[in-house]
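Per-entry structural report
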Amino acid sequence: MPTLNLAGAGRLLVLVAVFLAGIWSQSSGVIDDFIFYLPDVHYLVVQHLWLTVMSGCLAIVVAIPLGILLSRPSMARVAESMMQVLNVGTTIPTLAVLALSMSFLGIGTVPAVFGLFVATLLPITRNTYTGLKGVNPALMEAAAGIGMSPTQRLLRVELPNALYVIFAGIRTALAINIGTVPLAFLIGAGGLGELIFTGIDLYDPVMMLSGAIPTALLAVVVDMLIAITAFLLVPRGVNPSRA
Amino acid sequence: MIRLDNLTKVFDTPKGAVTAADHISMEVPSGEICILLGPSGCGKTTTLKMINRIVRPTSGKVFINGEDTSSLDTQDLRRNIGYVIQQIGLFPNMTIEENITVVPKLLGWDKAKYRERAREMMRMIAMEPDAFLKRYPSELSGGQQQRIGVARALAADPPVMLMDEPFGAIDPINRAVIQDEFLKMQQELNKTIMFVSHDIDEAIKMGDRIAIFREGKLVQYSEPDDLLAAPKNDFVESFLGEDRALKRLNLVKVRDLASEEIGLVRPDDTLDAALERIEAYGYVNSIVMVNDKRQPVGIINAAVARTTQGHCRDHYQSVPVVVTLDDDLRKVASLMFANDMTWVPCVDDDGRIIGQITQRAITHHLGSRYRAHSKGEGGAKAAEASPSPAIKE
Ligand SMILES: Nc1ncnc2c1ncn2[C@@H]1O[C@H](COP(=O)(O)OP(=O)(O)OP(=O)(O)O)[C@@H](O)[C@H]1O
Ligand SMILES: [Mg+2]
């Protein structure tokens, strides 16, 4: 009972705080300032999302087959060293990746998408590879012993059993991606970074927040979407969140 | 028929070469169960896996129905061999139904047929189809999973089965039930089965033949009774255990040793007559009293008969123990010990007495095989004269 009362009191405090913040923002004209930026936000969110979707889809389409390829027994020799390279790659800050990409491809959308693609690629490839390698060898033996072809083994046994780990990789990768997109502004690709960085430069907190808050919301929404997809797609028997 | 010809597997390990199977040659006739038996690490699993080419033989050949399997397509070969792996290996991403029907699906059965097949398999392994088919493997106990593993291997009705300790995780009571079900099924389906076990009792119960392995070598390959009667060397002897004579009792049914001769009394016989008959038949303690239909109704105690006058109908005690013709001698021996009897009456399906089985007949049976062996002409001749092992009925 006491904890319940505490929770209730907490909720009341939050309500009061929100109410006071509302009154303050109304009186100080902050809301009007935000509304001023709304058309910009709208345009930039689309641009921002487009960068994410382009680079994200490209990364998924490349990374999963790459992970699958590396996990094949015939690749065993090169796979481990490839994974070492990828692991080192993951430690490079994304800003550096974008800068490198710019030095090769110039400025604009193309180098931004490419840089984001590289940053997103690594975690997905790594998780696809480790997920597939981690499938219980007894399952693989049973699948082979039953007479499944290598492709059938991959599609019916390996991938479904590795799917949860692969999705975890996609989730991490897209979180990195969305977090990096604001930096794309720095190499001339637009996105919500425009408001954030300009806001910082002009010392205009409202402008900065109009960029930062949608960025944060986007990250949360995309993460939730992936979580829901994983929940629905990963078979119940191998889905810890549905156990 | 499965024939192994000098099958050898050498594993290259960092610590040097390990010979897991060393020139194994043996033949399993069609429709028989061959048990591969031996201590851990002796190469049973390796030998089994070379048959469906999960393990590539270093040298030697495998023939199935006379055909060299190395000339067959590996996938085709495997789809026609049911395989139960030691680690169970159910697919956790599939429901029980999907697990069981995976091979029929690969073989292109239509949906109605394979779904019905799944239900049929569930009934065979004594699990309720409606309760389990939609579950996932992680929602089953180890023993239940193991049974599903067997069902999965059997689902497409393959003529050849390879089973690696298929009942290892099942408790003794359920294991006996599953073993019996399996043998019953085998009677109808006549599959050729290689079955790995390290349980000697299971081997004796299930096997038409038993292959004893030691450190990659096939030490002895015989029918169970021959194996127990005539172990080839000290290793086999110690592996079979000190009580191997008792184990042989499992293999013989009452039917094989019962004699029709039995002394009985009827309710209107006098106790004097009963006593006479007890002595005439050499029963030390008692004699069975039957009704008009020859069904046993009680026993007359020798001590009572000696000290009392009167008719049997007034002085009988408790219903006697009886055995049926299909009971094995192990049960008989245990009843004899428990009830301090040297003989047990046998009854038919209607409970009518049709004969008896005596302790002497049992000892004689065990002894005759040992004598045949020690005379030096080996087990082969004696095997012909001996009753066939119980499971071949
Ligand atoms: N893939 C492998 N690589 C190297 N050595 C192996 C391999 N598989 C088996 N061995 C070795 O071969 C020998 C026989 O192994 P196997 O699995 O056939 O034994 P087993 O008779 O089935 O034993 P258990 O009753 O414990 O299952 C063992 O010494 C084992 O260590
Ligand atoms: Mg084994």
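Residues numbered from 1 in each chain as written. Chains lettered and ligands numbered in written order. Predicted model: local features only at pLDDT ≥ 70, side-chain atom pairs only at ≥ 80, totals over all residues. Heavy atoms only, no water.

Formally: UniProt positions are given in the numbering used here, feature names are shortened, and annotations may be inferred rather than shown by experiment.
Going by the annotation in an unreviewed UniProt entry, the name recorded for chain B is Quaternary amine transport ATP-binding protein, with Chromohalobacter sarecensis given as the source organism. Under the UniProt heading Sequence similarities (unreviewed entry), the note attached to chain B is "Belongs to the ABC transporter superfamily." Turning to chain B, the UniProt record has this under Catalytic activity (unreviewed entry): "a quaternary ammonium(out) + ATP + H2O = a quaternary ammonium(in) + ADP + phosphate + H(+)".

With an unreviewed UniProt entry as reference, chain A is termed ABC transporter permease, source organism Chromohalobacter sarecensis. Listed in UniProt under the heading Sequence similarities (unreviewed entry), the comment for chain A reads: "Belongs to the binding-protein-dependent transport system permease family."

1. Section: the site of ligand 1
Residues and elements named next belong to chain B. Spelled out, the test is: Neighbouring residues are identified by heavy atoms, a residue being near a molecule or strand if any of them is within 4 Å of it. Throughout this description, a polar contact denotes any pair of N or O atoms lying within 3.5 Å of each other; where both atoms belong to protein, one of them has to be capable of donating a hydrogen while the other can accept it, and for residues adjacent in sequence the pair is counted only when both atoms sit in side chains. Accessible surface area values rest on a Shrake-Rupley calculation with a 1.4 Å probe, where residue burial reflects the displayed protein chains alone.
Near ligand 1 lie 13 residues; those nearest to it are Ser 40, Gly 41, Lys 44, Thr 45 and Thr 46. A distance of 2.5 Å separates an oxygen atom of ligand 1 from a polar side-chain atom of Thr 45. Contact distances for ligand 1 include 2.9 Å between an oxygen atom and a side-chain N or O atom of Gln 86. For ligand 1, whose accessible area on its own is 640 Å², the fraction buried by protein is 63%.

2. Observations concerning the domain arrangement of chain B
Residue and element names in this part refer to chain B. Just so we agree on the cut-off: Where each domain begins and ends follows an automated or database-derived domain assignment. Working rule for contacts: check all heavy atoms of both residues, and any pair within 4.5 Å makes them a contact. Throughout, the accessible surface (probe 1.4 Å) given up by two parts as they are put together, summed over both, is called the buried area.
Taken domain by domain, chain B consists of domain 1 (2-251 + 379-391) and domain 2 (255-364). Computed over C-alpha atoms, the centres of domain 1 and domain 2 are 42 Å apart. Contact residues are listed per partner, giving 5 residues for domain 1 and 6 residues for domain 2. Of the roughly 500 Å² buried between domain 1 and domain 2 on both sides combined, carbon and sulfur atoms contribute 57%. Run the count over domain 1 and domain 2 and you get 1 residue pair in polar contact (both at pLDDT 80 or more).

3. Concerning the coordination of the magnesium ion (ligand 2)
All names here are of chain B. Note the cut-off: For Na, K and Ca the donor cut-off is 3.2 Å, and for all other metals it is 2.8 Å, counting N, O and S atoms only; because water is absent from this set, sites may look incomplete. The helix and strand labels rest on DSSP assignments: H or I over at least four residues marks a helix, E over at least two residues marks a strand, and numbering proceeds from the N terminus. Remark: exposure states derive from per-residue accessible area (1.4 Å probe, protein chains only) relative to the maximum for the residue type, with buried under 20%, exposed over 50%, and partly exposed in between.
The protein atoms donating to the magnesium ion (ligand 2) are Thr 45 (OG1) and Gln 86 (OE1), with metal-donor distances spanning 1.8 to 2.4 Å. Residue Thr 45 is found in helix 1 (residues 44-51), and its partner Gln 86 is found in the loop between strand 6 (81-84) and helix 3 (96-100); the two are separated by 41 residues along the sequence. We classify Gln 86 as partly exposed; its relative accessible area is 35%.

4. Considerations on unusual backbone geometry
Residue Asn6(B) is not a glycine yet carries a positive backbone phi of 50°. Checked against the element boundaries, Asn6(B) lands in strand 1 (residues 2-13).

5. Re the interface of chain B and chain A
What counts here: Take a side-chain nitrogen of Lys or Arg and a carboxyl oxygen of Asp or Glu: if they are within 4 Å of each other, that pair is a salt bridge. Side-chain classes follow a simple rule in which Ala, Val, Leu, Ile, Met, Phe, Trp, Tyr, Cys and Pro form the nonpolar group, Asp, Glu, Lys and Arg form the charged group, and the remainder, Gly included, forms the polar group.
Facing 24 residues of chain B, the contacting portion of chain A comprises 22 residues. Interface area, chain B with chain A, both sides summed: about 1,900 Å², of which 61% is carbon and sulfur. The largest per-residue losses of area from chain B upon contact with chain A belong to Phe91(B), Asn93(B) and Leu106(B), which jointly make up 28% of the total buried on that side. The tally of links between chain B and chain A comes to 2 salt bridges. Between Glu141(A) and Lys49(B) there is a salt bridge, and its shortest N-O distance comes to 3.2 Å. At the surface where chain B touches chain A, the tally comes to 8 residue pairs in polar contact (both at pLDDT 80 or more). Put simply, the parts of the chain that give the side of chain B that touches chain A at least two residues each are helix 2 (74-79), strand 6 and helix 4 (102-106) of chain B. Along the lines of polarity and charge, the residues of the side of chain B that touches chain A split into 12 nonpolar, 6 polar and 6 charged.

6. Quick word on the UniProt feature "transmembrane region" (unreviewed entry) in chain A
In the numbering used here, UniProt assigns the feature "transmembrane region" (unreviewed entry) to residues 49-70, 82-100, 106-124, 162-187 and 207-234 of chain A. The distance separating the terminal C-alpha atoms of residues 106-124 of chain A is 26 Å; by composition the span is 84% helix and 0% strand.

7. Notes on the sheet that holds strand 3 (residues 33-37) of chain B
Residue and element names in this part refer to chain B. The following threshold applies: Here, a strand pair is defined by DSSP locating no fewer than two bridges between the strands. Fitting a line to C-alpha atoms yields each axis, with helices limited to the stretch in contact; the angle taken between N-to-C directions then spans 0 to 180 degrees.
As summarised here, the arrangement of the 6 strands in space is 6-7-8-3-9-10, forming an open sheet in which the pairing is mixed. Each edge of the open sheet is held by one strand with a lone partner, namely strand 6 and strand 10 (217-222). Averaged over neighbouring strand pairs, the angle between their axes works out to 15° when direction is ignored. With 4 bridges joining them, strand 6 and strand 7 (residues 160-164) adopt parallel strand pairing. Within strand 7, the residue paired with Tyr 83 across the bridge is Leu 162.

8. Brief notes about helix 7 (residues 150-184) of chain A
Structural remark: α-helix, 3.6 residues per turn; residues separated by three or four positions point the same way. Short version of the rule: Between the first and last residue of a helix there are one fewer steps than residues, each counted as 1.5 Å, and that sum is the expected span. Bending is quantified residue by residue as the angle between axes fitted to the seven-residue window ending at that residue and the seven-residue window starting at it.
Taking 1.5 Å of rise per residue, 35 residues should cover 51 Å, yet helix 7 of chain A covers just 41 Å from first to last C-alpha, more than 12% shy of that figure. Helix geometry: helix 7 of chain A is bent most strongly at Leu163(A), by close to 50°.

9. Side note on the packing of helix 7 (residues 142-154) of chain B against helix 8 (residues 172-189) of chain B
When two helices pack together, their arrangement is given by the angle between the helix axes and by the axis-to-axis distance. All names here are of chain B. Inclusion rule: Roughly parallel here means an angle under 35 degrees, roughly antiparallel means over 145, roughly perpendicular means 65 to 115, and every remaining angle is called oblique.
Orientation of helix 7 relative to helix 8, taken along the N-to-C sense of each, is 10°, at an axis distance of 12 Å. Put simply, helix 7 runs roughly parallel to helix 8. Along the contact surface, helix 7 presents Arg 147, Val 150 and Leu 154, while helix 8 presents Asn 174, Ile 178, Phe 182 and Met 185. Taken together, the residues of the contact of helix 7 with helix 8 break down into 5 nonpolar, 1 polar and 1 charged.

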